[in-house]
Amino acid sequence: MPAPPEKKPSRIQIRNRRKIMDAALDVFSQHGFRGATLDQIAEAAGMSKPNLIYYFDGKEAIHVALLNALMTEWLDPLREMDAQGDPLQEILAYVRRKMEMSRQFPRESRLFAIEIIQGAPRMLPHLESDLKPLFDEKCALIAGWMEAGKLAPQDPQQLVMSIWALTQHFADFDTQVRVLVPDEVAGWDAANAHVETIFKAILTPKG
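Residues numbered from 1 in each chain as written. Predicted model: local features only at pLDDT ≥ 70, side-chain atom pairs only at ≥ 80, totals over all residues. Heavy atoms only, no water.

## Focus: the overall build of the protein chain
Per the secondary structure count, the protein chain includes ten helices and zero strands. When the elements of the protein chain are put in sequence order from the N terminus, they spell out α-α-α-α-α-α-α-α-α-α. Considering only C-alpha atoms, the protein chain reaches an extent of 65 × 55 × 30 Å along its principal axes. Here the protein chain holds 207 residues, and the buried ones make up 40% of them. When contacts within the protein chain are restricted to residue pairs at least 6 apart in sequence, long-range pairs at least 24 apart make up 70% of them. A total of about 11900 Å² of accessible surface is found on the protein chain, and carbon and sulfur atoms cover 56% of it. Looking at the protein chain, you have 24 positive and 28 negative side-chain charges, and the mean spots of the two groups are 5 Å apart. (Helix = DSSP H or I, 4+ residues; strand = E, 2+ residues; numbered from the N terminus. Buried < 20%, exposed > 50% of the residue type's maximum accessible area, 1.4 Å probe, protein only. Contact = heavy atoms within 4.5 Å. Areas by Shrake-Rupley, 256 points an atom, 1.4 Å probe, with all protein chains shown as cover. Lys, Arg positive; Asp, Glu negative; His and termini not counted. Charge placed at Lys NZ, Arg CZ, Asp CG, Glu CD.)

## So, unusual backbone geometry
The residue A120 is not glycine, and still its phi comes out positive at about 50°. Its location among the elements puts A120 in the loop between α6 (106-117) and α7 (124-147). Overall, the relative accessible area of 4% leaves A120 in the buried class.

## Focus on the UniProt feature "domain: HTH tetR-type" (unreviewed entry) in the protein chain
In the numbering used here, UniProt assigns the "domain: HTH tetR-type" (unreviewed entry) feature to residues 14-74. Taken end to end, residues 14-74 is 87% helix and 0% strand, and its two terminal C-alpha atoms sit 23 Å from one another. (UniProt positions renumbered as here; feature names shortened; annotations may be inferred.)

## Some details on the nonpolar core
F28, I62 and I142 are the most contacted members of the largest nonpolar core, which totals 56 residues. Considering every element that reaches this core, the biggest residue donor is α7, with nine residues. Counting only domains with at least three residues in this core, you end up with domain 1 (11-57) and domain 2 (67-203). In this structure, I62 is in contact with I20, M21, A24, F28, L38, I41, L52 and F56, ignoring residues within four places of it in sequence. (Core = buried A, V, L, I, M, F, W, Y, C linked by side-chain atoms within 4.5 Å. Domains from an automatic or database assignment.)

## Examining a nonpolar patch on the surface
Nonpolar side chains collect at one region of the surface, where V179, L180 and V181 lie side by side and expose about 300 Å² of accessible area between them. Assignment of secondary structure puts V181 in the loop between α9 (174-180) and α10 (184-203). According to the relative accessible area criterion, V181 is partly exposed, its value standing at 39%. (Patch = residues over 30% accessible without salt bridge, like charges linked within 9 Å, V, L, I, M, F, W, Y side chains within 5 Å. Salt bridge = Lys/Arg side-chain N within 4 Å of Asp/Glu carboxyl O.)

## Focus: α6
The first and last C-alpha atoms of α6 sit 16 Å apart over twelve residues, in line with the 16 Å expected at 1.5 Å per residue. Here α6 has its buried residues at P106, E108, S109, L111, F112 and E115. Directly after α6, the chain includes G119, whose backbone phi takes a positive value near 95°. (Expected span 1.5 Å × (residues − 1).)

## Brief notes about the packing of helix α1 (residues 11-35) against helix α4 (residues 59-79)
At a minimum axis separation of 10 Å, α1 and α4 run at an interaxial angle of 100°. What the angle tells us is that α1 and α4 run roughly perpendicular. When α1 is examined against α4, the residues I20, M21, A24, L25, F28, F33 and R34 are found in contact with a partner set consisting of K59, E60, I62, H63, A65 and L66. When its residues are assigned to classes, the contact of α1 with α4 shows nine nonpolar, one polar and three charged. (Axes fitted to C-alpha atoms, helices over the stretch in contact; angles between N-to-C directions. Parallel < 35°, antiparallel > 145°, perpendicular 65-115°, else oblique. Nonpolar A, V, L, I, M, F, W, Y, C, P; charged D, E, K, R; others polar.)

## Overview of the packing of aromatic side chains
Within this structure, the stated rule accounts for six aromatic pairs. With a centroid separation of 4.9 Å and 90° between ring planes, the pair formed by Y54 and Y55 is classed as edge-to-face. Overall, Y55 belongs to the buried group, its relative accessible area being 15%. Aromatic pair F135 and W164: ring centres 5.8 Å apart, planes at 45°, arrangement tilted. Of this pair, F135 sits in helix α7 while W164 sits in helix α8 (residues 156-172), and the two are 29 residues apart along the sequence. We note that F135, like W164, is buried. By way of ring pairs, the aromatic residues W74, F112, F135 and W164 are connected into one cluster. (Phe/Tyr/Trp six-rings, centres within 6.5 Å; stacked < 30°, edge-to-face > 60°.)

Here it is in structure tokens:
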């Protein structure tokens, strides 16, 4: 006999899973995987530990679910780089998308950074199977634009990693940024303009 269809989760179950994931994001982004506990996540989610375990069978299951969702969000801005677009504008649009992600999702960025710093024990397969092919594809695209004289010559791999380093600073060091530049709105406007100026300067063809 065929297996019965899987029962769809109820609205309450969906809501509780989201509540757990959001609470876990706070805890993991502050303490990392090793420092986080199920008790901390349950308390942040406002539910008992046994209730939490009903939805996830352990800390690692929650962490992996968060990282899987994060990898999709992490890759989407790079996927949007269009081979048919104007090269300089495509790079600058990518920079703007990364800056906006840092503004909207600082917790997610810190979670990713902590995972990488710890050797990517749970994310390494995604880096190898998802990020690396996309990274190679877009670096080849950028290299082609440079060879055609549409962008000033740079090392495409170092360029993309420099974009990551500069844009993610505003998420990973969010607390420091807020202390140094208390006016958040003006600070973000200035940061966006400054970062765009840097990459426009190094990528605009000379002459």
